[in-house]
Amino acid sequence: MNNMQELDDASLPIFKVERVQLQFSISSDFVAAQVANNVLILALSTGRILRIDLDSPSDIDDIDLPRKTSEIGLIRRMFLDPSASHLIINTTLGENYYLHTQSRQPKPLARLKGVGIEAIAWNPSLPTASTREILVGAADGNVYEDYIEPSSEFYRNQEKYLKAVYKAQDGPVAGLWVDLIPGRVDTRRVIVATPNKLLHFVGKIGRPGQEGSGSIFTKLFETEAPTLHEMTPGTRPSPSALAVSPDSPESQSGEGDEVERVYAWLSAQGILHGKLQTNTRSASLGSTVFNNSKMISRSQIPLSQSASGRKKPTQEPIAGVALSQWHVLCLVEGRIVALHRLDEHVVYDQVVLEPGESALCLLADQKKNTYWLFTNEVIFEIVVTDEDRDVWKIMLKSQQFSLATQYAKTPSQKDAVAMACGDYLISKGQYLEAANVYGKSSRPFEQVALTFIDHSEQDALRRYLLTKIATYRRSSIMQRTMIASWLVEIFMSKLNSLDDTITTKAQLTESTTTADTKDDLASVRTEFEEFVNRYKGDLDRKTTYEIISSHAREQELLSYATAIDDYNYVLSYWVQRERWQESLDVLKKQTDPSIFYRYGSVLMVHAATELVDILMRHPDLDPLKLIPALLNYNKSKSNTPLAQNQAVRYLLFCINALHTTVPAIHNTLISIYASHPSPSENALLSYLSTSSLSNPPPYDTDFAFRLCIQNSRVQSAVHIYTSMGSYASAVDLALKHGEIDLASLVADRPGSTDSALRKRLWLAVAKKVISQQGTGSIKTAIDFLKRCDLLRIEDLIPFFPDFVVIDDFKDEICAALESYSRSIASLESEMDASAATAESIKTDIKQLDRRYAIVEPGERCRVCELPLLSRQFFVFPSCQHGFHSDCLGKKVLDGSGLTVRGRIRELQAQIGRGGRREKEGRELDALVAGQCILCGDLAIKAIEEPFISDADDGEEWAI
């Protein structure tokens, strides 16, 4: 599909002349025309001027000159600036007029009266409000500087000044051009064309005090001598003109730098054309322009054929010239002939005019890159399509490969340029440059590779392969893998060669030193690392390891392993060489937990502190899998103080910072604490004290106890028993190992909640103390046992030996007897008080049997106000309030909580079912008649109730 499209594009002609059909009829002939910025201006023989905006052709300005043609003559020439803002009109009788784009009334140019204008050089800044400084070329050879500023007043002079600045000696001025020199704001280039001479001026312009107050070009023409290019005059008069190429598309879109324009000067000898260069110093700029220009002679343009098919015997001169971006357009014998500027071959030759028909002018729109041919009656547009399509071919023929590549558009064109450029560079021995070019071409891979191999150009081969692999798609797995593997081999060979050169200092020329070779080595190594990082996905891991290993390139092995994230290999490499710092540096960059588990054991032994620092930065690790490494470290560093033990440090981090409750972690820490050769148990006891706050403890108590017994950690073992609540076992263990003070502390642990257990524990301690003291210091033993207030002398007597002398604890026995006497007296006093209380209770009971209340015959219920004796009732003796049973029950139900209310209803239901219900009746009476509803708790709760309810009449309470 793409190839077909390319063929279609190529089949379209570059130039095509089309007749323009106007949307309106014109009865008069055209006498002059101009086109600029998509604005077409036609001058008619009647003196009318038609201004047409080609973007909206139906919008036409019909303009008349202020005077009749019989007075001022026919319109002879028109000059329109590139922005289409300013139009100058010249008539056959020497009258000149100015018309602004926003005006429909031409204004006379009084100072130019009588001047036959042949050419105008517009100001390069293209102003719109005024023309600013312009150059006007006249038929008498004079060049004038003019400044036109439009005015709304008809009789006001439009020109600020007019001054003759130069005089051409050999005829009329055929063309003028002014442009800026980049980087030099006060410098201008002026080109003056006459029929036989082309003059090139470059110089500084003057700076008047105020814009428009004086000439700026006078200084240039007076101080600078022109560079002259002169032609031999023709044998007969011939047209002469100066054309300049339109704005390039790049400059119009704002892309790239300013593009140099091209000029074409039409003379009797032909067309001289070249670039208007700006990058040369002023003194030689003109010479440079003319020396690099080329001449298209009239003989290079094919002769016209007569109606009979024969070529005409004489050659008519070239009637007009215009420039496109790449071609010179000529009007010759009624034909439009286009020649390519680069090689001057004829691209287009088409008869446009009928025999005997003459043309007014051949024009180019500087802004829009459109081209026009005008006759007295017809307008033709020369349509240009893809005119730079053949530029690449011409550049290729002239071996300007960079430009050929720039202008090649299709992939096939770019490929042709690349192959030709590569062949040229090979022929010149520039193999590295050829490698870059060949890598982007379709030249067979094996042919290019063999070329470099045959010439022993390994560097060029490496460059070619690097360029070539980048052209393959990701789907070309086989090709990319093979090239990438080959490149690894080439890189290794190059590195070995450079190493050998440095080692032997051989093959060093006079201009090459060992330092240069070392720089080359570093450069190639960096290039290899960049290659690996970029194409690691195309390299087969096993094959690459084998290639690099076969060359014994350890550093490159590490570079490759690091690039593919094979940190197992890198760590293994450094660990095998006992390079612990490098191993840790690699480990710091890891996130895969398996790496830490695999190398933890060896690194824990040789770089424990740094490793633990790294481990603590990875809370996602599973500490269980690191236990073997920690135990291995502890075994090899058993004499290290616990404060410096890195295994303990990491385990405490897991417990305190990560809050792990895994028993294995806690058991491992206990194991290290218990097995440490230090006699102190402080660290272990501190840990056990903290951990005992959890219920259950996070460690295996049986395992911990066995370790403590095995390692004679009595205090810790007792603590474990105590934390389990096995106080008796704890006391027995402490006494077994002679730890009487420790046993005493444990014996006090039960406290007052279990005095029996506490006494039993202290008796065990007492037995041990008495047995240790023997008969030698019974007094001391008894003083020690006074620490427990539950022990009595009679409890201790069975533990003393049979032959002990009573004098040793006579005071204690006496004190005990006195204590018993005081206890008996206290009991007797309590018994007397109890007897008196019992008599008082009996008296109160007898009085209750005689308690009564008097109910008057007219007494009423305190709730319903009906006679109290009309039905069953309750009377409260203490307050003498009486209530009917049902009224009291209702009030109690309303004021009680849900529980009491529910129970009352339940009891009422049970009693209502009949049968003997004495128990339920007593309970119901107790709930209902427990207290007076006017004096008890119900009355207190009713304080929040309003005095006036919704059922009451509020008016009754009105004052």
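The rules behind each value
Residues numbered from 1 in each chain as written. Predicted model: local features only at pLDDT ≥ 70, side-chain atom pairs only at ≥ 80, totals over all residues. Heavy atoms only, no water. Salt bridge = Lys/Arg side-chain N within 4 Å of Asp/Glu carboxyl O. Helix = DSSP H or I, 4+ residues; strand = E, 2+ residues; numbered from the N terminus. Buried < 20%, exposed > 50% of the residue type's maximum accessible area, 1.4 Å probe, protein only. Patch = residues over 30% accessible without salt bridge, like charges linked within 9 Å, V, L, I, M, F, W, Y side chains within 5 Å. Areas by Shrake-Rupley, 256 points an atom, 1.4 Å probe, with all protein chains shown as cover. Lys, Arg positive; Asp, Glu negative; His and termini not counted. Charge placed at Lys NZ, Arg CZ, Asp CG, Glu CD. Polar contact = N/O pair within 3.5 Å; in protein donor to acceptor, adjacent residues only side chain to side chain. Pairing = 2+ DSSP bridges. Axes fitted to C-alpha atoms, helices over the stretch in contact; angles between N-to-C directions. pLDDT = per-residue confidence, 0-100. Contact = heavy atoms within 4.5 Å.

Trainee: So what exactly am I meant to see when it comes to the pattern of salt bridges here?
Mentor: Oppositely charged side chains can pair when the atoms bearing their charge come close. Under the counting rule described, the total for this entry stands at 36 salt bridges. The salt bridge involving aspartate 179 is made with arginine 189; its shortest N-O contact spans 3.0 Å. In this pair, aspartate 179 is assigned in strand β14 (residues 175-181) and arginine 189 in strand β15 (residues 184-193), connecting sequence segments 10 residues apart. Arginine 189 shares its class with aspartate 179; the two are buried.

Trainee: Explanation requested: a negative patch on the surface in the structure shown.
Mentor: Among the surface-exposed residues, Asp950, Asp952, Asp953, Glu955 and Glu956 lie close enough to one another that they form a single negatively charged patch. Assessed through its relative accessible area of 37%, aspartate 952 is described here as partly exposed.

Trainee: Sorry, what's going on with the side chain of serine 240 here?
Mentor: As for its position among the elements, serine 240 is in the loop between β17 (227-230) and β18 (241-244). Separated by 3.4 Å, the side chain of serine 240 and the backbone oxygen of threonine 194 make a polar contact. From its side chain, serine 240 meets the backbone oxygen of leucine 266 in a polar contact 3.0 Å long.

Trainee: Before we go on, may I ask you to explain the sheet that holds strand β3 (residues 39-44) in this structure?
Mentor: Pairing between the strands of a sheet comes from backbone hydrogen bonds, and it takes one of two forms, parallel or antiparallel. The strand order across the open sheet built from four strands is β2-β3-β4-β5, with neighbouring strands paired in antiparallel fashion. Each edge of the open sheet is held by one strand with a lone partner, namely β2 (30-36) and β5 (60-64). On average, each strand axis in the sheet is inclined to that of its neighbour by 15 degrees, with strand direction left out of account. As judged from the six bridges shared by β2 and β3, these two strands associate in the antiparallel manner.

Trainee: When you look at the confidence of the model for the protein in this model, what are you seeing that I'm missing?
Mentor: Do not read the predicted coordinates in detail wherever pLDDT is low. When pLDDT is averaged along the protein, the result is 84, and 88% of the positions lie at 70 or above. Element-level mean pLDDT values for the protein span from 45 in helix α1 (residues 2-11) up to 97 in strand β10 (residues 117-121). Confidence over residues 1-9 falls short of pLDDT 50; this stretch has four contacts with residues more than four positions distant or in other chains.

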